[in-house]
Amino acid sequence: MNILKLLDKLSHDKFFTAEASRLETLTNMSLFGKKAATAAIPFGLGAMMATPVKAETATKEFRGTALKSTLTDALQLALVLEYLENEYYALGLSAAGLIPNSDRPVFMQISKHESAHVSFLKSTLTSLGTTPGAKPTFDFTANGSFSPFTDYNQFLILAQAFEDTGVRAYKGQAGNVMSNKVVLQAALQIHSVEARHASQVRRMRANKGWIELANGGNMPSATDPVYAGEDNVNQSGYNTGTLFGAAAGSAAYDEVMSGSDAQTIASLFIV
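Residues numbered from 1 in each chain as written. Predicted model: local features only at pLDDT ≥ 70, side-chain atom pairs only at ≥ 80, totals over all residues. Heavy atoms only, no water.

Turning next to the overall build of the protein. The helix and strand inventory of the protein stands at eleven helices and two strands. Ordered by position from the N terminus, the helices and strands of the protein form the series α-α-α-α-α-α-α-α-β-β-α-α-α. Considering only residue pairs separated by 6 or more positions, the protein has 77% of its internal contacts joining residues 24 or more positions apart. Of the roughly 12,900 Å² of accessible surface on the protein, a fraction of 55% belongs to carbon and sulfur atoms. (Helix = DSSP H or I, 4+ residues; strand = E, 2+ residues; numbered from the N terminus. Contact = heavy atoms within 4.5 Å. Areas by Shrake-Rupley, 256 points an atom, 1.4 Å probe, with all protein chains shown as cover.)

Structural data, given as structure tokens:
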């Protein structure tokens, strides 16, 4: 199956359509996320943290209103990240002459996926009785640092950075949703699609589909925070670089990204 057919198949996953049971999804979200940090951030959300919360150690603080706030804060942050990607691809596709005709089908398909993610998150928040956050005003030049809509190479660079950020941010929540199969499935469905996007864009830039060390692959230093910590070779006390070297050892395991780090990266592109 070629990449376009694969992406098309993913875009029709029933999880992102009306066929999915919203009630089932929302009913089983009771253990999604750790209590959000309350530090002020550019778009007023709590942080999605990477530390897992075990069901047996959950306290009353995670029930009722406090729990709902934790859940909705996490979903609002995810929505901001999806807003960012969705608008980025829409603008890129509308920029005359930017994307070569040979590459347009790929970004048209990715754009559909990001739009589906936005719709799902907004629907979920509404079903929870929470108004979805408004789409921020984005500045994809990062105050003049990039020119993604006039320079295709820079468009690809930011596409890779955004996708790699999304992969790490979603993965950072896996431990928080492990006790709830429905929510875990939802997180994994979005995460795996973002990972496919990231790998495809990396290949389009003549990079490897995976990340070695803390090197994004021919990326400007401004994107270093996206790859910080990816050189880790210590997994549960085992040095994965012992047999194959640091590069292969670090590439064998992707690292998570905390919600606060994801917020910091996203805020660079929010006015």
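Moving on from the model shown.
Attention now moves to helix α4 (residues 104–127). With 24 residues, α4 ought to run about 34 Å at 1.5 Å a step, and its terminal C-alpha atoms sit 35 Å apart, in line with that. Note on α4: the residue one or two positions beyond its end, Gly129, has a positive phi of about 85 degrees. (Expected span 1.5 Å × (residues − 1).)

What the rule picks out here adds up to 15 aromatic pairs. One aromatic cluster in this structure is built from Tyr88, Tyr89, Phe107, Phe138, Phe140, Phe146, Phe149, Tyr152, Phe155, Phe162 and Phe269. (Phe/Tyr/Trp six-rings, centres within 6.5 Å; stacked < 30°, edge-to-face > 60°.)

Right, let's get into the side chain of Gln160. Structurally, Gln160 is set in helix α5 (residues 152–171). Among the residues examined, Gln160 registers a relative accessible area of 0% and is labelled buried. A polar side-chain atom of Gln160 sits 2.8 Å from a polar atom in the side chain of Arg205. Residues in contact with Gln160, not counting those within four places in the same chain, are Val201, Arg202, Arg205, Asn207, Gly216, Gly217, Met219 and Tyr227. (Buried < 20%, exposed > 50% of the residue type's maximum accessible area, 1.4 Å probe, protein only. Polar contact = N/O pair within 3.5 Å; in protein donor to acceptor, adjacent residues only side chain to side chain.)

Ranked by internal contacts, the top residues of the largest apolar core, which has 47 residues, are Tyr88, Phe107 and Phe155. Elements supplying a minimum of two residues to this core: α3 (64–94), α4, α5, α7 (181–204), α8 (224–227) and α11 (259–267). Sequence-distant contacts of Tyr88, defined by excluding residues within four places in its chain, comprise Phe140, Pro148, Phe149, Gln154, Phe155, Leu158, Ala159 and Phe162. (Core = buried A, V, L, I, M, F, W, Y, C linked by side-chain atoms within 4.5 Å.)

What follows deals with the packing of α4 against α5. Contact geometry of α4 with α5 gives a least axis separation of 14 Å together with a crossing angle of 40 degrees. It follows from the interaxial angle that α4 and α5 lie oblique. For the element pair α4 and α5, the recorded crossing hand is left-handed. Between α4 and α5, the residues in contact are Phe107, Ile110, Glu114 and Leu121 and Tyr152, Phe155, Leu156, Ala159, Glu163 and Tyr170, respectively. A breakdown of the residues in the contact of α4 with α5 according to their chemical character gives eight nonpolar, no polar and two charged. (Axes fitted to C-alpha atoms, helices over the stretch in contact; angles between N-to-C directions. Parallel < 35°, antiparallel > 145°, perpendicular 65-115°, else oblique. Left-handed = near helix turned anticlockwise from the far one by under 90°. Nonpolar A, V, L, I, M, F, W, Y, C, P; charged D, E, K, R; others polar.)

Moving on to the environment of Thr240. In this fold, Thr240 is placed in the loop between β2 (238–239) and α9 (241–244). In this structure, the C-alpha to C-alpha distance between Thr240 and Ser250, residues ten residues apart in sequence, is 7.0 Å. Excluding residues that lie within four positions of it along the chain, Thr240 makes contacts with Val233, Gln235, Gly249, Ser250 and Tyr253.

Let us look at the confidence of the model for the protein. One rule of thumb: low pLDDT means the predicted coordinates there are not for detailed reading. Chain-level statistics for the protein give a pLDDT mean of 75 and a share of 69% at 70 or above. Across the protein, element-level confidence peaks in α5 with a mean pLDDT of 92 and bottoms out in helix α2 (residues 22–27) with 32. Predicted confidence for residues 1–67 stays below pLDDT 50, and this span has 125 contacts to residues more than four positions away or in other chains. (pLDDT = per-residue confidence, 0-100.)

Together, Tyr238, Leu243 and Phe244 make up a nonpolar patch on the protein surface, roughly 400 Å² of accessible area in all. Counting through the fold element by element, Phe244 comes out in helix α9. Residue class for Phe244 comes out exposed when judged on its relative accessible area of 66%. (Patch = residues over 30% accessible without salt bridge, like charges linked within 9 Å, V, L, I, M, F, W, Y side chains within 5 Å. Salt bridge = Lys/Arg side-chain N within 4 Å of Asp/Glu carboxyl O.)

Here the focus is the side chain of Ser111. Here Ser111 is to be found in helix α4. According to the relative accessible area criterion, Ser111 is buried, its value standing at 13%. Not counting residues within four places of it along the chain, the set of residues in contact with Ser111 comprises Asn86, Tyr89, Ala90 and Leu93.

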